[in-house]
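Now for the letters of each chain:
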Amino acid sequence: MKSKYYNTFYSVDTFLLAIAMLLNLLFQFYIIKLFGSRSVTILLAYNFALSSLVAYLFIVKRLELFLVFLYLLQYIYLNQYFHYNILYEIVIGLPILLLFGLTVLDYLKHNSIKLTLDSTFQKILFAFILFAFIQAFWGYYNHAEMKQILTELYRSLNYGFVFFFLMIFKKSKDYNTILAFLYVITIIIALEYVGIYFLTGVGRFVTFQSNMIPGSVAVGFVFMLYSKHIRYKIFWASLTFITSLGALVSLTRSIWVTVFFAIGIILIIYLRYEKGVSPKIIKVMVVTVVLLLGLIATQINKSERLTSDSINKVEYRASSIFDPTEDISLLMRVELSYYAIIKALESPIIGTGYGDYVKYKILPGNNYKQYYLDISWVMFFWKGGIVGLSLFLALYAVTLINAFRNYLYCTDKNIQLINLIIFVTFSSFIVLGFLHPY
């Protein structure tokens, strides 16, 4: 399906695929109900086989795109029944690990990788990956648990592969296809959230799924604003509403904040560079919105709870954002972050290495070892020191600078919007990094 103004990333095949996946989702719910937590392994095998058939039927013939599709498809069922088991994570990450390996082999054989970003990005990325192995060795030297060292090494490498995508895929058509996969699967996840929440009242979905929502909201909101025809605006507005509603009923405040941030950034860029609104007016608008939100939050804290149990849950979670001194979750983050920073200062250059841990001492958390913080930036400083944190931030900086530059100066509208989506999505990850790990 093509707009007469410019190409958009979706196609008829993509949405036929979405319908098939929605029908298939009903069957997967039956598997989950029948087998409980054991359904994770069953569904892994089932979806690998199914996705191979679907990919063939819908002509996803390129191996690298098929592997991305295979990876994203699994997120449909990574809900409460999925646990933080490193074996599951490795199995789920196999398509991306295979993609990385095949790309490296292809590069060594043909020298065929053409970077979409400059060589600075390549150097930073490989320095980040190399330093991950140094952190693993440093953790071993500091007598950390080997299983935890390997777990953190795997997760760091897996995170680095996200940036590796920017080197593998060169054409806007590739990004269109990946965004289509991402968006359709996120719509299914959002519908899953909405259906489960209003039918059972269960919320607080795990972040494996919900972390996809801010980027997908950015996709829908960008195409809604920049589409020229009213039909497309309505279409994208409807899909954006579904993903936003999924974010709302997830009862995950970090996702709420990040979605709001992503929409705000898109609006500011759109008003400034598409509509020519002056920076002064935009600043006034931002201040006004912040003040209104503060006023609304004050009223929520003072008002009586509404009668609907579902609405009460959302209202309670929202009010806690503006009352940090009463938010035990935030205070627990602060306590662990304090201990982690103290440890990091003992080795500020390269941190303490993988496998290190902290424990709660004051707040009523638990007495177990805490290997992860809900603040990515503190965690990278804790385990990687100034070097690790600097490399992590440098990856973001180069990505954001290049994406925003391409948005401003590219003449192809489709490529321009893809770069805007990349810019907003990675910007939202920065915000998300203040609220949970990786």
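These figures come from a predicted structure and were not determined experimentally.

Before we go on, may I ask you to explain the overall build of the protein in this structure?
Looking only at helices and strands, the protein has 16 helices and 0 strands in total. Across the 438 residues that make up the protein, the buried fraction comes to 50%. For the protein, the proportion of contacts with a sequence separation of at least 24, taken over those separated by at least 6, is 75%. Of the roughly 21,700 Å² that the protein leaves accessible, carbon and sulfur atoms contribute 69%.

Quick question: what am I supposed to make of helix α5 (residues 119–141) here?
Residues that lie three or four places apart on an α-helix share one face, since the helix turns once every 3.6 residues. Taking 1.5 Å of rise per residue, the 23 residues of α5 would be expected to cover 33 Å, and the 33 Å separating its terminal C-alpha atoms lies within 8% of that figure. Buried positions along α5 lie against α6 (146–168) and α15 (376–409). Looking one or two residues beyond α5, the residue adopting positive phi is H143, at roughly 65 degrees.

Before we go on, may I ask you to explain the side chain of S216 in this structure?
Summarising the element assignment, S216 is placed in helix α9 (residues 213–226). A distance of 3.2 Å separates a polar side-chain atom of S216 from the backbone oxygen of M212. Setting aside anything within four residues of it in sequence, one finds S216 in contact with L182, Y183 and T186.

Just checking my understanding: could you explain the nonpolar core for this structure?
Note on soluble globular proteins: their nonpolar side chains tend to be buried together. Counting 109 residues, the largest nonpolar core has L72, F121, L125, F163, F169, Y226 and L373 as its most contacted members. Ranked by residues supplied to this core, first place goes to α15 with 15 residues. If we skip the residues at most four places from it in the chain, L125 touches G160, F163, F164, M167 and L395.

Cut-off values and rules
Residues numbered from 1 in each chain as written. Predicted model: local features only at pLDDT ≥ 70, side-chain atom pairs only at ≥ 80, totals over all residues. Heavy atoms only, no water. Helix = DSSP H or I, 4+ residues; strand = E, 2+ residues; numbered from the N terminus. Buried < 20%, exposed > 50% of the residue type's maximum accessible area, 1.4 Å probe, protein only. Contact = heavy atoms within 4.5 Å. Areas by Shrake-Rupley, 256 points an atom, 1.4 Å probe, with all protein chains shown as cover. Expected span 1.5 Å × (residues − 1). Polar contact = N/O pair within 3.5 Å; in protein donor to acceptor, adjacent residues only side chain to side chain. Core = buried A, V, L, I, M, F, W, Y, C linked by side-chain atoms within 4.5 Å.

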